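Coordinate inspection notes
The primary structure of each chain is shown beneath.
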Amino acid sequence: MTAVLERPAPAVSPDVRRARRQVRLAWIAKHSIAIALSIMFIAPVVYLLLLSVMTSDQALTSDYWPNTWHFENYVRVFEVTPLPRYLLNTVIYAVSATVLMLLSSVPAAYALAKLKFRGRNVMFLTIICVMMLPPQVVTVPLYLMWARYGLTGSLAPLIIPMLFGDAFCIFLMRQFLLTIPSEYLDAARVDGCGEWKTLLRVVLPMARPGIAAAALFQFFYAWNDYYGPLLYTSENENSWTLSLGLASFHGVHHVDWNLVTAATVLAMVPIVVVFFFAQKAFVQGVTLTGVKG
Amino acid sequence: MRLRRTLTTWSFLAPALIGIVVFFLYPLISAVYFSFTKFDLLTVPQWVGLDNYRRMADDPLLMQSIRNTLWMVAVFVPVRIISAIGLSMLLSQFQRGASFFRTIFYLPALAPPVAATIAFVYLLKPGTGPVNTFLDHIGIEGPLWFNSPEWSKPSLVLLGLWGIGDLMIIFLAGVLGVPVSLYEAASLDGANAWHRFRYVTLPTIRPVILFAAVTGVIYTLQYFDQAAVAGSVASGQAVTGGGISSSFGYPEGSTFTYPLWLYTVGFRYNALGYANAMAIALFVVAFAVTVILLRRAKAFSGEEQ
């Protein structure tokens, strides 16, 4: 340890000099690779931004740089599509799905992580199965069920199920709750708290990061969801979400690539903003899904 | 007292239980029943026995969708894992700047799949797309990407690699979790960088690789959004009703994944019985993969036993 802190001797042997040069070369190599990759990851976004302020004629050429800057493209997107409508629907879907999911899934995750009861393993395995199985497996019967109640063509079939929990979020929060030491819960119980009170007063405040991660996942999932809205709302344009609107937009306006990309950028902005405010909780959540809790 | 505790426990679980029964078990059982019937949305289901399953064997487009899905499993899943390990190894080398690069690599994973797909179809446009223009500058004739049957799936893989961030973070946690003492011991034994990776890092992150492989297969089995949007955007055809496109699978059925064909059969051709037979077949495969995952689930469940 101390060796690291020592000042290097003034006279340097060729060996040490060679070693030092190797370290420096490795440093340069690592950083060059990382910077080159960063450019590849970011370039598509930068290109989209540039494209979105071109004229529609220039967008059809192979130019990288806008001749003239047309920020009004972003306003025109609102004029040529019902974008506010799509945006509102997406917000309704994402927010209500997230809130309802939390109400129903937090208690379930708590029970699976911290309460001992018969059938716990069966319940947990079932939740993993639900989480892992492709949604297409149950698509047709579910569609028929919602059609019977006349709810297809609205967002209800996407939102209502969240009242009854989301398998992935239950799994994620359970992983997080496992990391909370049981001693805290025992202390609360000794003080005479019932289980519900323990959950509300002790577990919830401690589990805030895990709950935040699950909420973000649910929010992003709903915001980005294409399959669900396509299935249930495609017949009624008033219920379309951004994903659906974007996918159709190119069909009607496929010549106006500048507008298509402007709309695409607009769909990504809220996600990026939310991410920057909640980066830590998000990264923690991703980690918890794949690694031992 | 005991009864009361049991009741409290189940009060926590009641909503989730109802959810599993109503939105999973019930539709699953109905799907099995419907798979033995012939019906569209308008008529009463009519029992036809195994006809739907027999029909699957004679459906050339279904076979093509299975081939496409298997292609994605064989190429996309390993390429994704190898790239994610590579990126996480690179990031683990940085003391300073790690969180900056991590954010950069992670951001594209947040882009809505529809938006990302539209962007990529534009980037990879054969005539005037920036990627091919760039390749042209350095003297390479770029492929037709999403517009050629040979390149459409590799283009989807490229799109998938752009959004590799979440898998990268999972691997990064695994790589950073390798005890430093193991590396030091290996170095003392004269191990070079490759040996350290091969004999220290790789064995330690094996559970993460298994997890990534199995979830990757499951993800590929339900691959829908990107394939659907890429096909219809690249074909340049107008779509109707929120993206239901006559150009699904474009070009030449090369982007017809299994779920995409299932959706088309069920909701465009209204052959709901047949679609359900396909759903049950998908269920069997996905369930088998899930069981494999659970068998090796120690690292996955976090159970301390």
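Note that the structure is a prediction, hence the values are computed from the model and not measured. (Residues numbered from 1 in each chain as written. Chains lettered and ligands numbered in written order. Predicted model: local features only at pLDDT ≥ 70, side-chain atom pairs only at ≥ 80, totals over all residues. Heavy atoms only, no water.)

Secondary structure assignment for chain A yields 16 helices and 0 strands. By the compact-globule yardstick of 19 Å for 293 residues, chain A is too spread out, its C-alpha radius of gyration being 26 Å. For chain A, the spread of C-alpha atoms along the principal axes amounts to about 80 × 70 × 30 Å. Considering only contacts within chain A whose residues lie at least 6 apart along the sequence, 71% involve residues at least 24 apart. Only carbon and sulfur atoms are counted for the fraction: they give 67% of the accessible area of chain A, which is about 13900 Å². Computed over 21 positive and 15 negative side-chain charges, the separation of the two mean positions in chain A equals 16 Å. (Helix = DSSP H or I, 4+ residues; strand = E, 2+ residues; numbered from the N terminus. Rg over C-alpha atoms; globule rule 2.2 N^0.38 Å. Contact = heavy atoms within 4.5 Å. Areas by Shrake-Rupley, 256 points an atom, 1.4 Å probe, with all protein chains shown as cover. Lys, Arg positive; Asp, Glu negative; His and termini not counted. Charge placed at Lys NZ, Arg CZ, Asp CG, Glu CD.)

On to the overall build of chain B. For chain B, the helix and strand inventory stands at 15 helices and 2 strands. With respect to the principal axes defined by its C-alpha atoms, chain B has extents near 75 × 75 × 30 Å. The buried share among the 305 residues of chain B stands at 53%. Sequence separation of at least 24 residues holds for 65% of the intrachain contacts in chain B that already meet a minimum separation of 6. For chain B, the accessible surface area stands at approximately 13900 Å², while carbon and sulfur atoms represent 64% of it. For chain B, the separation between the mean place of its 19 positive charges and that of its 14 negative charges on side chains is 11 Å. (Buried < 20%, exposed > 50% of the residue type's maximum accessible area, 1.4 Å probe, protein only.)

Residue and element names in this part refer to chain B. Under the feature "transmembrane region" (unreviewed entry), the UniProt entry names residues 12–36, 70–91, 103–124, 156–183, 204–224 and 271–294. Strand forms 0% of residues 70–91 and helix 100%; the C-alpha atoms that close the span are 31 Å apart. End C-alpha atoms of residues 103–124 are separated by 25 Å, and the span's content is 68% helix alongside 0% strand. (UniProt positions renumbered as here; feature names shortened; annotations may be inferred.)

This brings us to the side chain of A:T198. By secondary structure assignment, the location of A:T198 is in helix α11 (residues 195–206). Residue A:T198 is classed as buried on the basis of its relative accessible area, which comes to 0%.

A cluster of nonpolar side chains, namely A:Y64, A:W65, A:W69, A:F71, B:F134, B:I138 and B:I140, defines an oily patch on the protein surface of about 790 Å² accessible area. Within the fold, B:I138 resides in the loop between α6 (130–137) and α7 (152–162). On the basis of relative accessibility, which here comes to 52%, the residue B:I138 falls in the exposed class. (Patch = residues over 30% accessible without salt bridge, like charges linked within 9 Å, V, L, I, M, F, W, Y side chains within 5 Å. Salt bridge = Lys/Arg side-chain N within 4 Å of Asp/Glu carboxyl O.)

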